[in-house]
Every structure is written in structure tokens, then in C-alpha cells.
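# Commentary on secondary and tertiary structure
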Amino acid sequence: NLFIMRTNRSKCPLVNILDIVGDKWSLIIIRDLLLGKKTFTEFMNSPEKFASNILSNRLELLMHHGLLKVVKLPHDKKSKVYFLTNKGVDMYPIIYEMMNWSNRNLDTEFGPLGIQFFKDSKKVSSKSYIKRTQSKYTKTRDELLNV
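By convention here, each chain's residues receive numbers from 1 onward along its written sequence. Local features in this predicted model are restricted to residues of pLDDT 70 or higher, and side-chain atom pairs are both shown and tallied only at a pLDDT of 80 or more, whereas totals for entire chains, interfaces and linings draw on every residue. Think of the side-chain values as coming from all heavy atoms in the structure, minus any hydrogens and water.

### Points about the layout of surface pockets
Cavity and pocket criteria rest on a 1 Å grid covering protein atoms alone: a 1.4 Å probe that fits but cannot get out defines a cavity, protein on both sides within 12 Å along at least 5 of 7 lines defines an open pocket, and an atom within 4 Å of a point defines a lining residue. Grid points are joined across faces, edges and corners, and a volume is the space filled by probe spheres set on the points. By volume, the largest pocket amounts to about 1,300 Å³. Considering the residues around the largest pocket, the lining is formed by 40 residues, among which Arg31, Leu35, Ile95, Met99 and Leu113 are closest to the centre. Within the residue set of the lining of the largest pocket, elements represented by two or more residues are helix H3 (24–34), strand E2 (76–84), helix H7 (92–105), helix H8 (112–121) and helix H9 (126–144). By the criteria applied, helices consist of DSSP H or I runs no shorter than four residues and strands consist of E runs no shorter than two, each listed in order from the N terminus. In terms of residue count, the dominant contributor to the lining of the largest pocket is H9 (eight residues).

Below is the structure:
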């Protein structure tokens, strides 16, 4: 896949991560997984309106780089379920900081999920909020996968 092949074209650490998650779609997939979405159809129903070929490409890219995996669950062989690996969960602090940057620097009205995020995240330190969100996701993921 040409999109996957263009990674590691620079020795710069910033360029290397941007080759993987430097487009909005990859970060939206990670966000959606953290919010509980698991299937291709659930991603397609995101308000940002994925094109199916873009979604397929980004899922493949994130799997190729070890940020997510896909399985068919034993009790439902029809549906593929996507989940973040620990490497993918480790992206959350970046997403957290990007959302807070938006709140500080953009003159924008955010939707209900954003408003709730800002309300909840102000109650505790950023470190505590990030750790809690990551722990909650990994617990839910591990229960789903029966790990």
C-alpha cells in the first residue's frame, strides 16, 4: 500500500509520527475507539462522515504500525471488532492536549462530547484524567477480549 510505504521518510521524530497520525482521520479513529466504538459501521456513523475507502486505509495504516488490532469475537464470527493496542492507548495524552489546545485557542462552540470532556477534565489534574481514561479503556478492552 503506497500510503503505508511513505512512512519513515525522515529522521525527524515529528515527521515520523505525522506519517502515521498526521491526518484527521487516524486521530478520529483513535478518539472513536477510546469513546467505545469497535466496528467499521460504528466508525462510518461518526459525525465527521468517513469515506469507506479512507476509513479502510487508515485502519490498515494504524494496524500496520501496531496502534490497533482487529479480531472476530468467539460469540460473533460475523463482525470484526477493532481495538487499540497499548501503543494506541499511549496516543491519548496527545489527543488530550490537542483538545485542550483547541479549547484555549479556537473561538469555536464545541458539541456535547467536547463540552463534557472539558467539564470532566477540569475536575482533576491532567495526569490523573489521562491515566483514568487510559485505564478505563484498557479494562473495557480486556473484558471484551476476555484477557
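The discussion continues.
### Remarks on the pairing of E2
Pairing of strand E1 (residues 68–73) with E2 involves six bridges; the strand directions are antiparallel. Bridged to Leu73 within E2 is Asp76. Two strands pair if DSSP finds at least two bridges between them. Counting the residues in the hairpin turn of E1 and E2 gives two residues.

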